[in-house]
Amino acid sequence: MSKSDFKVAVICSSNMNRSMEAHGVLRKNGFNVKSFGTGEKVRLPGKAPNKPNVYDFGCSYEDIYKDLCKKDKAFYTRNGLLNMLDRNRRIKKHPEKFQLSNERFTVIITCEDRVYDHVLEHFTTVLSFGNEPVHIINIDIKDNSEEATLGAFVIHDLVTWLYRSEDLDHEIDRLLVQYERKCKRQLINSILFY
């Protein structure tokens, strides 16, 4: 299977940090990749813990960047949000919500248990089941800049292993056990059909 036929989705809550960092790394390495969020809204830290910046999916990274600059450019530069948004707008136009996509993927990587649960819930309540497999794998990655960068390389390494498999559907369990030992992270996985 070519890299263009091996379709990968990377999903976090808001399609801002973890999924976008992995999206960039996978794309640079030639993978056919899309990234998504599963939350109700796109949430970014604000100046107070109880006052996040909230945007709709589909609001462009450019518009979010400009909005934060208007609110307090120095503050959002110091906390890294403007740098993150600058990276994001070089990768794609806006955050996308997974539940609104009808695309099909070979592998879906989620970045936290809650997001993994949202993806499984979406498949069981919305999509009709067929005979095309999709492998859904969760790797817990903390939602901060350093962990997102490290997590992107962990995801790239895992996706490369899976891509190189002669028969992914039959080898997935063995590959994931080996990968857990290698990266010292617990993985959760499911296979569904659509």
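Residues numbered from 1 in each chain as written. Predicted model: local features only at pLDDT ≥ 70, side-chain atom pairs only at ≥ 80, totals over all residues. Heavy atoms only, no water.

- As annotated in an unreviewed UniProt entry, the protein chain carries the name RNA polymerase II subunit A C-terminal domain phosphatase SSU72 and is attributed to Aphis glycines.
- In the Function (unreviewed entry) part of its UniProt record, the protein chain is described as follows: "Protein phosphatase that catalyzes the dephosphorylation of the C-terminal domain of RNA polymerase II. Plays a role in RNA processing and termination."
- Check the Sequence similarities (unreviewed entry) section of the UniProt entry for the protein chain; it says "Belongs to the SSU72 phosphatase family." (UniProt positions renumbered as here; feature names shortened; annotations may be inferred.)

1. Examining the domain arrangement of the protein chain
Consideration 1: Along its sequence, the protein chain is organised into domain 1 (8–39 + 97–193) and domain 2 (42–91).
Consideration 2: Taken together, the contact between domain 1 and domain 2 spans 14 residues of the former and 12 residues of the latter.
Consideration 3: At the boundary of domain 1 with domain 2, the tally comes to 1 salt bridge.
Consideration 4: Put simply, Glu21 and Arg87 hold a salt bridge, and the shortest N to O gap is 2.4 Å.
Consideration 5: At the boundary of domain 1 with domain 2, the tally comes to 7 residue pairs in polar contact (both at pLDDT 80 or more).
Consideration 6: A per-element tally of the side of domain 1 that touches domain 2 places helix 1 (residues 18–28) first, with 5 residues.
Consideration 7: When grouped by side-chain class, the residues that make up the side of domain 1 that touches domain 2 number 2 nonpolar, 9 polar and 3 charged. (Domains from an automatic or database assignment. Contact = heavy atoms within 4.5 Å. Salt bridge = Lys/Arg side-chain N within 4 Å of Asp/Glu carboxyl O. Polar contact = N/O pair within 3.5 Å; in protein donor to acceptor, adjacent residues only side chain to side chain. Helix = DSSP H or I, 4+ residues; strand = E, 2+ residues; numbered from the N terminus. Nonpolar A, V, L, I, M, F, W, Y, C, P; charged D, E, K, R; others polar.)

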